[in-house]
Amino acid sequence: PLENGISRKFEREADQFALDLTRDPVTQLKVEVSLARTNLSDVVPPPFIEALLYTHPKTLDRMTHAQEWAAAHGVPLEPADPITNP
């Protein structure tokens, strides 16, 4: 569990770095949804299962972080429509 906790911390830092570098939370959200569907992941596992078994933050936390990052940095989660909003 200790090593998994450390791994989750590094993964959260990697997510933050990726968002800061790419400024693309939409892609991060799409990737998380795709991975959850492909892996049939439990997006909200019980806390004790996450602590014991998960090496990555739970999907819902990663998605929430991307949404919060977008709001804090003024990045829209919907792509701009070039016709109505050039």
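Structure: see above.
Keep in mind it's a predicted model, so treat the numbers as computed, not measured.

(A) Expanded view of the overall build of the protein chain. If you tally the helices and strands in the protein chain, you get four helices and zero strands. Of the regular secondary structure in the protein chain, the N- to C-terminal order runs α-α-α-α. Reported as C-alpha extents along the three principal axes, the dimensions of the protein chain are approximately 50 × 25 × 15 Å. Residues classed as buried in the protein chain amount to 24% of the 86 residues present. Taking contacts inside the protein chain between residues at least 6 apart in sequence as the whole, the part at least 24 apart equals 70%. Accessible surface for the protein chain amounts to roughly 6,100 Å². Of this, 63% is attributable to carbon and sulfur atoms. Considering the protein chain, the positive charge centre built from 8 side chains and the negative charge centre built from 13 side chains are found 2 Å apart.

(B) Region of interest: the layout of surface pockets. Reported here for the largest pocket is a volume of approximately 230 Å³. Along the wall of the largest pocket there are 13 residues; nearest its centre are S41, Y54, H56, P57 and T59. When residues of the lining of the largest pocket are traced back to their parent elements, those giving at least two are α2 (25-39) and α4 (59-73).

(C) Fine view of α2. The end-to-end C-alpha separation of α2 is 21 Å, in line with the 21 Å expected for 15 residues at 1.5 Å each. Along α2, the residues classified as buried are P25, V26, Q28, L29, E32 and A36. Angular distribution of buried residues about the axis of α2 spans 170 degrees; they occupy a single face of the element. In α2, those exposed residues whose orientation departs by more than 90 degrees from the buried face are K30, R37 and T38. Those residues of α2 that are buried are in contact with α1 (2-22) and α4. Where α2 ends, the next residue or the one after it, L40, has phi of about 55 degrees, a positive value.

(D) Structural view of the nonpolar core. Residues L19, L29, M63, A66, W69, A70 and V75 constitute the largest nonpolar core, which totals seven residues. With four residues, α4 is the largest single contributor of residues to this core. When neighbours within four sequence positions are excluded, W69 is seen to be in contact with Q16, L19, D20, R23, P25 and V75.

(E) Focus on the packing of α2 against α4. Where α2 meets α4, the closest approach of the two axes is 9 Å, and the angle between their N-to-C directions is 165 degrees. With respect to their mutual orientation, α2 and α4 come out roughly antiparallel. Considering only the axes of α2 and α4, their crossing is left-handed. Residues P25, Q28, L29, E32, V33 and A36 of α2 form the contact with α4, whose participating residues are T59, R62, M63, A66, Q67, W69 and A70. A per-class count over the contact of α2 with α4 returns eight nonpolar, three polar and two charged.

Here is what the cut-offs are and how they apply
- Residues numbered from 1 in each chain as written.
- Predicted model: local features only at pLDDT ≥ 70, side-chain atom pairs only at ≥ 80, totals over all residues.
- Heavy atoms only, no water.
- Helix = DSSP H or I, 4+ residues; strand = E, 2+ residues; numbered from the N terminus.
- Buried < 20%, exposed > 50% of the residue type's maximum accessible area, 1.4 Å probe, protein only.
- Contact = heavy atoms within 4.5 Å.
- Areas by Shrake-Rupley, 256 points an atom, 1.4 Å probe, with all protein chains shown as cover.
- Lys, Arg positive; Asp, Glu negative; His and termini not counted.
- Charge placed at Lys NZ, Arg CZ, Asp CG, Glu CD.
- 1 Å grid on protein atoms, 1.4 Å probe; cavity = no way out; pocket = protein on both sides within 12 Å on 5 of 7 lines; lining within 4 Å.
- Points joined across faces, edges and corners; volume = space filled by probe spheres on them.
- Expected span 1.5 Å × (residues − 1).
- Arc of directions from axis to C-beta.
- Core = buried A, V, L, I, M, F, W, Y, C linked by side-chain atoms within 4.5 Å.
- Axes fitted to C-alpha atoms, helices over the stretch in contact; angles between N-to-C directions.
- Parallel < 35°, antiparallel > 145°, perpendicular 65-115°, else oblique.
- Left-handed = near helix turned anticlockwise from the far one by under 90°.
- Nonpolar A, V, L, I, M, F, W, Y, C, P; charged D, E, K, R; others polar.

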